[in-house]
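# Structural characterization, general
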Amino acid sequence: KAGVTQTPRYLIKTRGQQVTLSCSPISGHRSVSWYQQTPGQGLQFLFEYFSETQRNKGNFPGRFSGRQFSNSRSEMNVSTLELGDSALYLCASSTLAGGSTDTQYFGPGTRLTVL
Amino acid sequence: AQSVTQLGSHVSVSEGALVLLRCNYSSSVPPYLFWYVQYPNQGLQLLLKYTSAATLVKGINGFEAEFKKSETSFHLTKPSAHMSDAAEYFCAVSDPGSQGNLIFGKGTKLSVKP
């Protein structure tokens, strides 16, 4: 079974631009979570989607948004990019309803660099 | 709020030596705990998971972790380090009140000397 895939793997953008990242979960998985990883803040939860609905959101500004499609694929969008948005963005999928007992399987991440 | 503390941002061991990576959690309810490993420029790979079935959890690549409620700890160990174990290790706790949200420690970078 194929793992979680994320595209693109690397992105370079300039301040003020917007960016869209894509995540395809493991087949059959319906919950998708997004995380931001930076050297200073570590791994921080962005949001979680299940059956096309955002069920949970971390403490990030409204410039960060996402959506999930009927096939469980998910996208996240960052508008008006800032230098501090440079990070590795990780997507994870899980089998159940994303509850506390479930295991999240991570993709390789998208490395975003904002210049 | 849930939190995870990993003691030691860097740990260095010799090949063949014991690996011990420390993790303490704060939780008012029985937690579900995870250890993940991250190799350079890659995502996170699950090593093992504690779900209250057994306090000693065996994972992949010879790693295991022991849940100690009295110490609120979930330390990761491996009897004999291999060069390929060099990576960054993250302890995480799931937040039962926050679906899809794993709370991670800051990570411990493991170096293995020949």
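Residues numbered from 1 in each chain as written. Chains lettered and ligands numbered in written order. Predicted model: local features only at pLDDT ≥ 70, side-chain atom pairs only at ≥ 80, totals over all residues. Heavy atoms only, no water.

## Observations regarding the overall build of chain A
Let me state the cut-off plainly: To qualify as a helix, a DSSP run of H or I must reach at least 4 residues; to qualify as a strand, a run of E must reach at least 2; elements of each kind are numbered from the N terminus. Radius of gyration: C-alpha atoms only; globule rule: 2.2 Å multiplied by the number of residues to the exponent 0.38. Any residue under 20% of the maximum accessible area for its type is buried, any over 50% is exposed, and the rest in between are partly exposed; the area is computed with a 1.4 Å probe on protein chains only. When checking whether two residues touch, look at their non-hydrogen atoms; a contact exists if any pair is within 4.5 Å. Each accessible area is a Shrake-Rupley result for a 1.4 Å probe, and residues are judged covered by the shown protein chains and nothing else.
Scanning chain A from N- to C-terminus turns up zero helices and eleven strands. When its helices and strands are written in sequence order, chain A yields β-β-β-β-β-β-β-β-β-β-β. Relative to the globule expectation of 13 Å for 115 residues, the C-alpha radius of gyration of chain A, 13 Å, shows essentially globular dimensions. Over its C-alpha atoms, taken along the principal directions, chain A stretches across nearly 40 × 25 × 25 Å. When burial is assessed residue by residue, chain A has 50% of its 115 residues classed as buried. Sequence-distant contacts in chain A: of pairs separated by 6 or more residues, those separated by 24 or more amount to 55%. Working note: accessible area of chain A is about 5,200 Å², and carbon and sulfur atoms make up 49% of it.

## Looking at the confidence of the model for chain B
This is how the line gets drawn: Known as pLDDT, the predictor's confidence for each residue is given on a scale from 0 to 100.
With 95% of its residues at a pLDDT of at least 70, chain B reaches an overall mean of 91. Confidence, expressed as mean pLDDT per element, reaches its minimum in chain B at strand β11 (residues 102-104) of chain B with 90 and its maximum at strand β3 (residues 19-21) of chain B with 98.

## Things to note about the interface of chain A and chain B
We apply this condition: Salt bridges are identified by distance alone: a Lys or Arg side-chain nitrogen within 4 Å of an Asp or Glu carboxyl oxygen.
Counting residues at the interface gives 26 residues for chain A, matched by 20 residues for chain B. Remark: the boundary between chain A and chain B carries zero salt bridges. For the side of chain A that touches chain B, the secondary-structure elements that each account for two or more residues are β4 (31-38), β5 (42-50), β6 (53-57) and β9 (87-94) of chain A. Here the element with the most residues in the side of chain A that touches chain B is β5(A); it accounts for four residues.

## With respect to the packing of aromatic side chains
Residues and elements named next belong to chain B. Under the convention used in this document: Between 30 and 60 degrees the pair is tilted, below 30 it is stacked and above 60 it is edge-to-face, where a pair is any two Phe, Tyr or Trp rings, Trp via its six-membered ring, whose centres lie within 6.5 Å.
A complete count under the given rule lists 14 aromatic pairs over all chains for this structure. Arranged with centres 6.0 Å apart and planes meeting at 50°, the rings of Tyr36 and Phe104 form a pair that is tilted. On the criterion of sequence distance, the pair formed by Tyr36 in strand β5 (residues 33-38) and Phe104 in strand β11 is long-range, its members being 68 residues apart. Residue Tyr36 shares its accessibility class with Phe104, and that shared class is buried.

## Here's the deal with the state of the cysteines
All names here are of chain B. Note the threshold: We call a pair of cysteine sulfur atoms a disulfide when they lie within 2.5 Å.
Inspection of the entire model under this criterion finds two disulfides over all chains. Between Cys23 and Cys91 runs a disulfide, and the two sulfur atoms are separated by 2.0 Å. Taking the torsion about the sulfur-sulfur bond, which here is approximately -60°, the covalent link between Cys23 and Cys91 counts as left-handed. Taken as a pair, Cys23 in the loop between β3 and β4 (24-26) and Cys91 in strand β10 (residues 87-94) lie far apart in primary sequence, 68 residues in all.

## Brief notes about the nonpolar core
The nonpolar side chains of soluble globular proteins are, as a tendency, buried together. We count it as follows: Think of a nonpolar core as a cluster: buried Ala, Val, Leu, Ile, Met, Phe, Trp, Tyr and Cys residues, connected wherever their side-chain atoms sit within 4.5 Å.
Ranked by internal contacts, the top residues of the largest apolar core, which has 27 residues, are Trp35(B), Leu47(B), Leu48(B), Phe74(B), Leu76(B) and Tyr89(B). At the level of elements, β2 (10-14), β3, β5, β6 (44-50), β8 (64-68), β9 (73-78), β10 and β12 (108-113) of chain B are the ones that each hand at least two residues to this core. The leading source of residues in this core is β10(B), at four residues. Sequence-distant contacts of Leu76(B), defined by excluding residues within four places in its chain, comprise Val19(B), Leu20(B), Leu21(B), Trp35(B), Leu47(B), Leu48(B), Phe63(B), Glu64(B), Ala65(B) and Tyr89(B). In this structure, Ile26(A), Trp34(A), Cys91(A) and Leu112(A) belong to the second largest nonpolar core, which totals 21 residues.

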